[in-house]
Amino acid sequence: MVQANPIPDRRITARRAHVGLALLLALTSLISLAYGASGTSLWGAMQKLVTGQPLGQMEQVVLLDIRLPRLILGLVVGASLAVSGAVMQGLFRNPLADPGLVGVSAGAGLGAITAIVLGGLLPVAFMAAGPYLVPLAAFLGGWGSTILLYRVSTRRGRTSVATMLLAGIALGALAGAVSGILVYIADDAQLRDLTFWGLGSLAGATWTKVMVALPVMGAAIIAALFLGRGLNGLAFGEATAAHMGIPVQRIKNIAILTVAAGIGAAVAVSGGIGFIGIVVPHLLRLANGPDHETLLPNAALLGASLLLLADVISRMVIAPAELPIGIVTAVLGAPVFLWILLRRRGLVDL
Amino acid sequence: MTLQARNIQACIGNTKILHGINFTGHAGEITAIVGPNGSGKSTLLKAITDEVDFTGHVTLNGQDTATMKPWQLAALRGVLPQAATLAFPFTVIEVVRMGLLSGISGARADVPERALNAVGLDGYGGRFYQELSGGEQQRAQLARVLCQVWHPVVNDAPRWLLLDEPVASLDIGHQLLVMHLIRDYASRGGGVVAVMHDLNLSAMFADRMAIILEGNILASGPPNKVMQDDVLSKAYGCNLRVNTPPALGQSFVLPHLAIHS
Ligand SMILES: Nc1ncnc2c1ncn2[C@@H]1O[C@H](COP(=O)(O)OP(=O)(O)O)[C@@H](O)[C@H]1O
Ligand SMILES: [Mg+2]
C-alpha cells in the first residue's frame, strides 16, 4: 500500500531553510551587538556612522572591542559545535553521537587543561606557540579521543551505539579524572585561568582569541561542508559507500579531523558548551530530512544563531552579572534531548 | 568484455573461505552463482568487489580493479549487498537518488523515478525507507544500484550489475519482475553477475551457472550442464532429481522429488 500523504521533495524546503536561517542569523547577530551591560546603543552608533560623525570612545570600546569579538566568537563557536555534531553523527551513523556526550569534548578539555597547567614546563621553543598552545593541545586531545572512540566502537564499518556511548562515558571519566589531578597541582594563577575557562562562557572574548580560533574553526567548518555526499553514502555502511564511488577512508579521516579541530578550538576558547551539537542537527533532520548536503550548512547557520541567543540570555538573566553560557544551553538543550529520546524510544538499539 | 576473477583465495579471520576460485562473467549475459548456505557465494562477490581481503586478480572489462579509483569502479559497476542497512530516516526517492552520486554518464534527473518504476515501486518515492517491508527495501536498494549504472553500455564499454541474492525476499511476482529486468539489462549489452538462492529461477534466466561448494567451484557452464542429478546432489547433500521436459527445454528441480527418491 502506498501511504496517503507522502513526504514532499525535501530538497526544496531545505533550500528555503538556507534563506530563513541566514536571515535568523543576521537578526540574532544584531541583537547580540545591540544588547549589553553598558547600555551603549548600537542604533545611536549606526546613526553616527551614517551621518559621518565620529564615534565616542565608550562606543568604540564597547562595540568594537567587547561586543564585536564576542559576536564573532559566538557565531563561529556555535556553527562549529553544530557542524561537528552533524559530522560526528554522520560518521558514527547515529543521531546520538554528540562530541559532548561521547567524551570528545572532555578529551579536548584535558588537552586544554594540560596546556594551561603544564605549558610552562615546555622547552622555550614551544613558547613561540603562545596563544595557540591551548587550542593546539585541545585539538590534539579531541583528535585522540575521536580516533580512540571510532576504533573501539566500529567493527567492519559498523558502529555499535552501545559501545560508542559506553566507551564515551569511560573516555570522559578518564579525561575528567586526569584533568582533576592537573587542577589539583595547578598554582593560583593557573587556577584562575582554569576556572574562567571551565565555566563555558564567551565573556572572555578578545580579538586575540578570535584571531586564534577563527582560522581553525573556519577551516574546519568549510572542510566539513564538503563532506555532505560522503556522509550520505556512509549512511549505507562503508562497503556500500565505497561501491557508490565514495573515497571512504579519506572521508573518514577528514571527518575526524574537522570534528577534532572544530571541537578542540571551541573548547579552547569557550570551555564546554553542551547540547548545541545534538539538538541543532536533530531539529534540522526533523524539518528537512537527513540529507547532509543541506544539513551541514543549515547546522552552521542555526548553531550560530542559537548560541548567540543563548549568549544574550546568559547576559540578561542575572544582569549585570552573567550566567555561564553552558548553563543556558544545558537548561534549554537537555529537555529537547530527552524529548528526542522519548520520541525514539524503542528505536535506540543498544 | 568480461568480469574475470582469477585464483581467488580469501580468509575471514583464520578460516579459509575460498580456495582459489576462477570465475568469468560475460557482458550481455546473466551469470548465476549458486550453492548451499555458507559455501562462499557472498564472499566471492565481496572479493570481486574488494570488500574482503583476498589474493588473486580481478579484472573488469580487461582492467585490473586493484588499479582503479572508487569513482571509476562506481561508474562501471553497481553492487547490491545481500543485507543492506541504512542510518537516518531517508525517503525512498532520496535513497534511490543517491545512486546518481556516481552516475557519471546518463545521470538524468528522471532516472530515479524510472528506476523506481522498473522495480515496481512507483508511488513509493515519498515514503520512509525504514518503514518499507523487507522485499520493498530490497527493491528500493536495487533501484538505487540501477540508477548508478542506468545505461548498460557507455562509450562501448559494458557496465555491470553485481547482485547478492536480488530476489531472495521477494514474492514470486516480483521475483519474475526483477529477473526480467536484469535479463533485459543483459540483453542490452550489460553484464550481470547474481548470487542466487533459487535453482529453478537461475536455470530459467541465467546464461551460465557456477555452483560453489565449500569455497571451490564444483561445476560451471550453461544451466542444462550444471543442473545434473549428481552435481546438485553432491552440492546440496541430498538426493535431487532434475527434470527437463522436452517441451520446456529447461531444467528444473522440485523439492518433493528430493523426498521421494
Ligand atoms: N564476518 C564473518 N566472520 C566469520 N565467518 C564468516 C563471516 N562472513 C562469512 N563467514 C563464513 O564464511 C562462509 C561463507 O559465507 P558466505 O560467503 O556469506 O556464504 P553464502 O554462500 O551463504 O553467501 C560461511 O561459513 C560463513 O560462516
Ligand atoms: Mg550470501
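Above: the structure in question.
J.: Talk me through the site of ligand 1; I want residue IDs and the actual numbers.
T.: All names here are of chain B. Surrounding ligand 1, one finds I12, I17, P36, N37, G38, S39, G40, K41, S42 and T43. Within the backbone of S39, an N or O atom sits 3.3 Å from an oxygen atom of ligand 1. Its free accessible area being 550 Å², ligand 1 has 58% of it covered by the protein chains. Partitioned by chemical class, the residues of the shell around ligand 1 number three nonpolar, six polar and one charged.

J.: How would you sum up the coordination of the magnesium ion (ligand 2)? Please name residues and give values.
T.: Looking at the metal site, the magnesium ion (ligand 2) is ligated by S42 of chain B (OG) and Q82 of chain B (OE1), spaced 2.0 to 2.3 Å from it. Remark: Q82 of chain B occurs in the loop between β6 (77–80) and α3 (92–97) and S42 of chain B occurs in helix α1 (residues 41–48); sequence separation between them is 40 residues.

J.: Which residues make up the side chain of T146 of chain A, and what values go with them?
T.: All names here are of chain A. Structurally, the position occupied by T146 is in helix α6 (residues 133–153). A distance of 2.6 Å separates a polar side-chain atom of T146 from the backbone oxygen of G142. If near-sequence neighbours (up to four positions away) are discounted, T146 is found in contact with V104, I256 and V259.

J.: Summarise the sheet that holds strand β9 (residues 160–164) of chain B; cite the residues concerned and give the values.
T.: All names here are of chain B. With mixed pairing, the six strands of this open sheet are ordered in space as β6-β9-β10-β3-β11-β12. Two strands close off the open sheet at either side, each with one partner strand: β6 and β12 (216–221). When the angles between neighbouring strand axes are averaged without regard to direction, this sheet yields 15°. Summarising the sheet, strand β3 (residues 30–34) and strand β10 (residues 191–195) pair through four bridges and their orientation is parallel.

J.: Break down the packing of aromatic side chains for me, with residues and values.
T.: In total, this model carries two aromatic pairs over all chains according to the counting rule given. Seen from their ring centres, F92 of chain A and Y150 of chain A are 5.5 Å apart, and the 70° between their planes marks the pair as edge-to-face. Taken together, the positions of F92 of chain A in the loop between α3 (57–91) and α4 (104–118) and Y150 of chain A in helix α6 put the pair 58 residues apart, joining distant regions of the chain. This pair shows no difference in class: F92 of chain A is buried, exactly as Y150 of chain A is. For the pair F139 of chain A and W143 of chain A, a centre-to-centre distance of 6.4 Å together with 10° between the ring planes defines the contact as stacked. Of the two residues, F139 of chain A and W143 of chain A both sit in helix α6, four residues apart, roughly one turn of that helix. When its relative accessible area of 21% is taken as the criterion, F139 of chain A is described as partly exposed. Across the ring face of F236 of chain A, the terminal group of R144 of chain B is positioned such that the distance to the ring centre comes to 4.9 Å.

J.: If you had to explain a nonpolar patch on the surface to someone new, which residues and values would you point to?
T.: Residue and element names in this part refer to chain A. Taken together, the side chains of I313, V317, I318, I327, V331 and L332 make up a nonpolar region of the molecular surface, amounting to roughly 520 Å² of accessible area. Broken down by element, the nonpolar patch gets its largest block of residues, three residues, from helix α15 (residues 325–343). Examined against the element boundaries, V331 turns out to sit in helix α15. Residue classification places V331 among the exposed positions, given a relative accessible area of 56%.

J.: Before we move on, could you go through the interface of chain A and chain B and cite the residues and values that matter?
T.: Each side of the interface is counted separately: chain A has 31 residues, and chain B has 31 residues. Taking both sides of the interface into account, the surface hidden between chain A and chain B amounts to around 2,700 Å²; carbon and sulfur atoms contribute 61%. Three residues stand out in chain A for area buried against chain B, namely F236, H243 and M244 of chain A, and they jointly supply 28% of the buried area on that side. The tally of links from chain A across to chain B stands at two salt bridges. At the boundary of chain A and chain B, one finds eight residue pairs in polar contact (both at pLDDT 80 or more). Here the side of chain A that touches chain B takes four residues from helix α11 (residues 238–243) of chain A, the largest share from any one element. Partitioning the side of chain A that touches chain B into residue classes produces 13 nonpolar, nine polar and nine charged.

J.: Kindly report on the sheet that holds strand β5 (residues 63–64) of chain B, identifying the contributing residues and their values.
T.: Residues and elements named next belong to chain B. As summarised here, the arrangement of the four strands in space is β2-β1-β4-β5, forming an open sheet in which the pairing is antiparallel. Edge strands, defined here as strands with exactly one partner in the open sheet, are β2 (15–26) and β5. As paired strands, strand β1 (residues 2–12) and strand β4 (residues 54–60) are joined by six bridges and run antiparallel to one another. Looking across to β4, one finds that Q4 is bridged to T59. Set on the sheet, α1 makes contact with β1, β2 and β4; between it and β2 the angle comes to about 65°.

About the thresholds
- Residues numbered from 1 in each chain as written.
- Chains lettered and ligands numbered in written order.
- Predicted model: local features only at pLDDT ≥ 70, side-chain atom pairs only at ≥ 80, totals over all residues.
- Heavy atoms only, no water.
- Near = heavy atom within 4 Å.
- Polar contact = N/O pair within 3.5 Å; in protein donor to acceptor, adjacent residues only side chain to side chain.
- Areas by Shrake-Rupley, 256 points an atom, 1.4 Å probe, with all protein chains shown as cover.
- Nonpolar A, V, L, I, M, F, W, Y, C, P; charged D, E, K, R; others polar.
- Donors = N, O, S within 2.8 Å, 3.2 Å for Na, K, Ca; no water.
- Helix = DSSP H or I, 4+ residues; strand = E, 2+ residues; numbered from the N terminus.
- Contact = heavy atoms within 4.5 Å.
- Pairing = 2+ DSSP bridges.
- Axes fitted to C-alpha atoms, helices over the stretch in contact; angles between N-to-C directions.
- Phe/Tyr/Trp six-rings, centres within 6.5 Å; stacked < 30°, edge-to-face > 60°.
- Buried < 20%, exposed > 50% of the residue type's maximum accessible area, 1.4 Å probe, protein only.
- Lys NZ or Arg CZ within 6 Å of the ring centre and 35° of its normal.
- Patch = residues over 30% accessible without salt bridge, like charges linked within 9 Å, V, L, I, M, F, W, Y side chains within 5 Å.
- Salt bridge = Lys/Arg side-chain N within 4 Å of Asp/Glu carboxyl O.
- Buried area = accessible area lost by both parts, 1.4 Å probe.

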